[in-house]
Amino acid sequence: MLNGTERYFLRGVELHGLVCDLQAPAIYFDAEAYLDWILYNMRENVLDTMDVFETVTTNQTLEVEWSKLQQQPGKERLHLFNMDTCGLTTDGLEIYEASTTLPWNGIIMNDANFTGEVPLTRSMVVLISEWYALAPRRSIENDVAWRYIMLGVQLNDCITSQCKTQQVVEIKNIIIPPPNHPRQTFALIELLEPANLMNPYIRPICLPLMDQLHHHKPTEVGISINLDVETVKKKLAVIDNPSCKHGLRQESYFIDFNEDSRQCAIEITVEYKQIPVPSVLGSPLMMPVSYGGSTHYFLYGMDNNVPGEYNRSIFGPYLFDTVQSADLEWVVENVREHERPTSLPSTLTNGRVNLKPVQQASKSSLFNFNTCGKSSSNFPMPWVGKRLSNAPFFNESSCLVTLISDWYVVGPAACFEEDSQKFVLMFGDTNETAFKECFKTKNYDSCIHPAQRVSIQKVFLHPQYNQTNRANNIALIQLATPVDTSRPNVRPICLPIIDTSRSYTISSLVMGSSNFTITNVDDRYIDPVECQKRWQGLKASFTVDRSMHCVVVKPTKEDTCYRTLHGASLHSRQAMKSSDRHFLRGFSVIPSTECITYYPVVYINTDAYLDWILETMEQPGLSFDLHQVLIFSDK
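Bear in mind that the values here come from a model prediction, so they are computed numbers and not experimental data.

### Details of helix H4 (residues 325–334)
- Asp 327, Leu 328, Trp 330, Val 331 and Val 332 are the residues of H4 that are buried.
- Against strand E5 (132–136), strand E7 (166–175), strand E8 (186–191) and strand E14 (318–322) lie the buried residues of H4.

Here it is, written out as structure tokens:
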């Protein structure tokens, strides 16, 4: 009895969980033997909490330290971080309100990879200044064509192109620590243009640049977890490593870690439990600190685990890497002053390309130069084919091929690594633009031509094709049956075999866009050296050299955007036999499905592979041996 009511007092904790086992008696720890230890440690936790949230984060102390830190020699770049405005939640929105996104949260949006499939790994990032974001290094190691960052909150029924609360930002450069750096945890992302800090839903988080914030570990942090439809925010309690290991074992995760930079946190009470969800790559851990009369949120850590590794831990423990002094020193060393870009580096517009004669010119008999490369308003690119999945569904993919004769097509090798029997090719698919042109000119007969589906006989991957870095990403495909090229909607493009077509000017180049129309390249052409420099900044796994062409789909924000698909053709328009013809010069191996202004679409230069194409092609003959089929008689 206590104060007139019956109470229960703890006397022991069962050791083996065998209370219901009648074969042996249950064994309990005697709680009395540990009561002093329990009370002592409970007292220490209270003192730690007081230290972190009252003593360490005293306004005057932190403000004075920040002011002194900026005045130290070699700390000039600290002025790039605004401690007065960072880490403040959007006006009127609370950090743990489930319906809003924190203003420093961002997502790395991955474009389709080389095979046209969207990678499953996505990562969160945090904005740390107007020009920089921080991400886990693991997030930029996946093999994608290119990536960009989405900042701001996504409201219900908000389309990205019309959503004023969001900002799509291109990445100019990804900086990773040098090999000898003691910390290989984070990647620093330099933005091509500044984050729009006038948007109330976009604001940097604070970095714990003051040493005083590293003296004590907080007992409470917040975590932000991005889902496909919303962002979940939780209040967490930081726990020690032994407790973390015990909690993970309950979820059948048996790990042993002793690094000070690896920590765990769990949900504090049932009161704050929200959606049961695991942490995701890049989820930021935030520390609330009183600074300048208001609560600012400082970046304390980030999820840097293998995606999906701890999916069963839906209420914690959440395992994360903390931000260390070495990380912050590296960040400050690598940030720099920026000015808003007025223009991008100059491009090539009227350069002339002079090519040597091909060695296999004798195989010109395989091609019909009377009809190849002819384009019309109704069928601007009759040489384009689509790769379809085989019966019964014939689903379209993002891979295109280019018809070079009635028996052969060329396209990216990455699209045909799998069994060729899985696919068929379709030619002459009349698009919406062609139909509109037919009705406009009232020339209905010219558009009434059925599409042709053709099976694949054989795929010739380039002998030096590299699946890892996509070098020599070209394939020659032999059709099982020839296409009917007598119709205006299916005609091969010309290959530049004859000497008069070998050389061309950059200004004569045109490209096929995703709506199957032709667009002049004009000043969108980028020199391969500049092209490689840009792609290196994105830590791409491929190399751009003189065997490639590069074209920016949108040189400035005011220009029209022309999206390209995987395998879309690049060709020169030249006069031959008193008419304009199109000669194949390449097809896209690094396409763009978004309107980007900095990273060019990369086309493989088919002129560099023309001899291999001609050498591999054979004159298609009969599919059987006459001596085996016909019966000869002596009579």
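### Quick notes on a nonpolar patch on the surface
- Residues Leu 10, Val 13, Leu 15, Ile 27, Phe 29, Tyr 34, Leu 35, Trp 37, Ile 38, Leu 39 and Met 42 make up a contiguous nonpolar surface patch of roughly 1100 Å² in combined accessible area.
- Per element, the largest residue contribution to the nonpolar patch is five residues, and it comes from helix H1 (residues 35–56).
- Secondary-structure assignment places Val 13 in strand E1 (residues 12–14).
- Judged by its relative accessible area of 45%, Val 13 falls in the partly exposed class.

### So, the state of the cysteines
- Throughout the structure, instances matching the rule amount to five disulfides.
- Paired through a disulfide, Cys 399 and Cys 415 show a sulfur-sulfur distance of 2.0 Å. Measuring handedness by torsion sign, the sulfur bridge of Cys 399 and Cys 415 sits at about -80° and is left-handed. With Cys 399 in strand E17 (residues 396–403) and Cys 415 in the loop between strand E18 (408–411) and strand E19 (423–427), this pair connects stretches of sequence that are 16 residues apart. Pair check on accessibility: Cys 399 and Cys 415 agree, each one buried.
- Bridging Cys 531 to Cys 550, the disulfide has an S-S length of 2.2 Å. Since a negative S-S torsion denotes a left-handed disulfide, the Cys 531-Cys 550 link at about -80° is left-handed. With a gap of 19 residues between them, Cys 531 in helix H7 (residues 528–537) and Cys 550 in strand E26 (residues 548–551) connect regions that are remote in the sequence.

### Some thoughts on the pattern of salt bridges
- For the structure on display, the rule yields 13 salt bridges.
- In this structure, the salt-bridge partner of Arg 183 is Asp 327, at a minimum N-O distance of 2.8 Å. With Arg 183 in the loop between E7 and E8 and Asp 327 in helix H4, this pair connects stretches of sequence that are 144 residues apart.
- Arg 183 gets classed as buried once you look at its relative accessible area, which sits at 11%.

### Observations concerning the nonpolar core
- Of all hydrophobic cores here, the largest spans 101 residues; its most connected members are Ile 404, Trp 535 and Val 602.
- Here this core takes five residues from strand E28 (residues 579–590), the largest share from any one element.
- Excluding anything up to four places from it in sequence, Val 602 contacts Cys 531, Trp 535, Phe 542, Val 544, Met 548, His 549, Cys 550, Phe 587, Ser 588, Val 589 and Ile 590.
- With 49 residues, the next largest nonpolar core counts Val 221, Met 287, Tyr 318 and Trp 330 among its residues.

### Concerning the side chain of Gln 478
- With respect to the helices and strands, Gln 478 occurs in strand E21 (residues 475–479).
- Taking the relative accessible area as the measure of exposure, Gln 478 reaches 17% and is therefore buried.

### Let's talk about the sheet that holds strand E9 (residues 220–226)
- Read around the barrel, six strands follow the order E9-E10-E11-E14-E13-E12 and close on themselves; strand pairing throughout is antiparallel. Put simply, the sheet's adjacent strands are angled 50° from each other on average, direction ignored.
- Relative to E14, strand E13 (residues 294–302) runs antiparallel, the two being bridged by two bridges. Counterpart to Met 302 in the pairing with E14 is Asp 321.
- Contacting strand E10 (231–239), strand E11 (262–267) and E14, helix H3 (residues 241–250) crosses the sheet at an angle of about 125° to E10.

### Some thoughts on H7
- Burial analysis of H7 places seven of its ten residues in the buried class, which makes it a mostly covered element.
- Within H7, burial applies to Pro 528, Glu 530, Cys 531, Gln 532, Arg 534, Trp 535 and Gly 537.
- For H7, the secondary structure elements touched by its buried residues are E7, strand E25 (525–526), E26, E28 and strand E29 (601–605).
- Capping the start of H7 is the job of one residue whose side-chain oxygen sits 2.9 Å from the backbone nitrogen of Val 529: Asp 527.
- A positive backbone phi angle near 55° is found at Lys 539, which sits one or two residues after H7.

### Some thoughts on the pairing of E13
- Of all nine residues that make up E13, seven are buried, and the element is covered over most of its length.
- Where strand E12 (residues 284–291) lies against E13, eight bridges are found, and the strand directions are antiparallel. If you follow Met 287 over to E13, its bridge partner there is Phe 298.
- Where E12 hands over to E13, the hairpin turn is made up of two residues, of which Gly 292 adopts a positive phi near 65°.

### Brief notes about the confidence of the model for the chain
- Within the chain, residue pLDDT values average 81, and 79% of them lie at 70 or more.
- The least confident element of the chain, judged by mean pLDDT, is helix H9 (residues 626–629) at 42; the most confident is E5 at 97.
- Overall, residues 45–58 carries pLDDT values under 50, and its contacts beyond four positions in sequence, including any with other chains, amount to 18 contacts.
- Under a pLDDT of 50 for its full length, residues 92–99 has, in the predicted model, 19 contacts with residues more than four places off or in other chains.

### A closer look at the sheet that holds strand E3 (residues 105–110)
- Strand order in the closed barrel formed by six strands is E3-E4-E5-E8-E7-E6, with antiparallel pairing between adjacent strands. The sheet shows a mean angle of 40° between the axes of neighbouring strands, taken without regard to direction.
- Note that E3 and strand E6 (residues 147–152) share five bridges and pair antiparallel. What sits directly across from Ile 107, in E6, is Met 150.

### Re the packing of aromatic side chains
- Evaluation of the coordinates by the stated rule reveals nine aromatic pairs.
- Seen in terms of ring centroids, Phe 416 and Phe 423 are 6.3 Å apart; in terms of plane orientation they differ by 85°. Their pairing is edge-to-face. The same class applies to Phe 416 and to Phe 423, which are both buried.
- Here Trp 535 and Tyr 599 contribute two aromatic rings whose centre-to-centre distance is 5.1 Å and whose plane-to-plane angle is 55°, an arrangement assigned as tilted. Of the two residues, Trp 535 is situated in helix H7 and Tyr 599 in the loop between E28 and E29; the sequence distance between them amounts to 64 residues.
- Classification of Tyr 599 by relative accessible area gives buried; the value is 2%.
- Residue placement shows Arg 534 over the ring face of Tyr 598; its charged tip is 4.7 Å from the ring centre.

### A look at the environment of Gln 452
- Position of Gln 452 relative to the elements: it lies in strand E20 (residues 452–461).
- Separated by 23 residues in sequence, Gln 452 and Asp 429 have C-alpha atoms that sit 7.9 Å apart.

### Looking at the side chain of Glu 267
- Residue placement: Glu 267 occurs in strand E11.
- On the basis of relative accessible area, Glu 267 is assigned to the buried category, the value being 8%.
- Separated by 2.6 Å, the side chains of Glu 267 and Lys 234 make a polar contact.

### Some thoughts on the environment of Ser 123
- When you line up the elements, Ser 123 lands in strand E4 (residues 123–127).
- Sequence separation between Ser 123 and Pro 307 is 184 residues; the distance between their C-alpha atoms is 8.9 Å.
- The residues touching Ser 123, leaving out its near neighbours within four places in the chain, are Gly 106, Ile 107, Ile 108, Pro 136, Ser 139, Leu 281 and Gly 282.

The rules behind these values
- Each chain carries its own residue numbering, running from 1 in the direction its sequence is written.
- pLDDT decides what is reported in this predicted model: residues at 70 or higher carry local features, side-chain atom pairs at 80 or more are listed and counted, and totals for whole chains, interfaces and linings draw on all residues regardless.
- Each side-chain value is derived from all of the structure's non-hydrogen atoms; neither hydrogens nor water enter the calculation.
- Classification of residues uses two cut-offs on accessible area relative to the type maximum, computed with a 1.4 Å probe and protein chains only: under 20% is buried, over 50% is exposed, and between them is partly exposed.
- Secondary structure counts use DSSP, requiring at least four H or I residues in a row for a helix and at least two E residues in a row for a strand, with both numbered from the N terminus.
- By the convention used here, residues are in contact when the closest approach between their heavy atoms is within 4.5 Å.
- By definition, no residue in a patch forms a salt bridge, and every one has over 30% relative accessible area; like charges are joined within 9 Å, nonpolar side chains (Val, Leu, Ile, Met, Phe, Trp, Tyr) within 5 Å.
- Only the protein chains shown count as cover for residues, and all accessible areas are computed by the Shrake-Rupley method using a 1.4 Å probe.
- Counted as salt bridges are all cases of a side-chain nitrogen of Lys or Arg within 4 Å of a carboxyl oxygen of Asp or Glu.
- Counting rule for disulfides: a pair of cysteine sulfur atoms within 2.5 Å.
- Side-chain atoms within 4.5 Å link the members of a nonpolar core, which is a set of buried Ala, Val, Leu, Ile, Met, Phe, Trp, Tyr and Cys residues.
- Two strands are said to pair when DSSP picks up at least two bridges between them.
- Working convention: axes come from line fits to C-alpha atoms, limited for helices to the stretch in contact. Angles between N-to-C directions cover 0 to 180 degrees.
- Contacts described as polar in this section are N or O atom pairs within 3.5 Å, which, within protein, must combine one atom able to donate a hydrogen with one able to accept it, while residues neighboring in sequence count only if both atoms come from side chains.
- The predictor attaches a confidence to each residue, called pLDDT, with possible values from 0 through 100.
- Working definition: a ring pair exists when centres of Phe, Tyr or Trp rings (six-membered ring for Trp) sit within 6.5 Å. Plane angles under 30 degrees give stacked, over 60 give edge-to-face, the rest tilted.
- Charges are assigned to positions over rings by a cutoff of 6 Å between ring centre and Lys NZ or Arg CZ, combined with an angular limit of 35 degrees from the ring normal.

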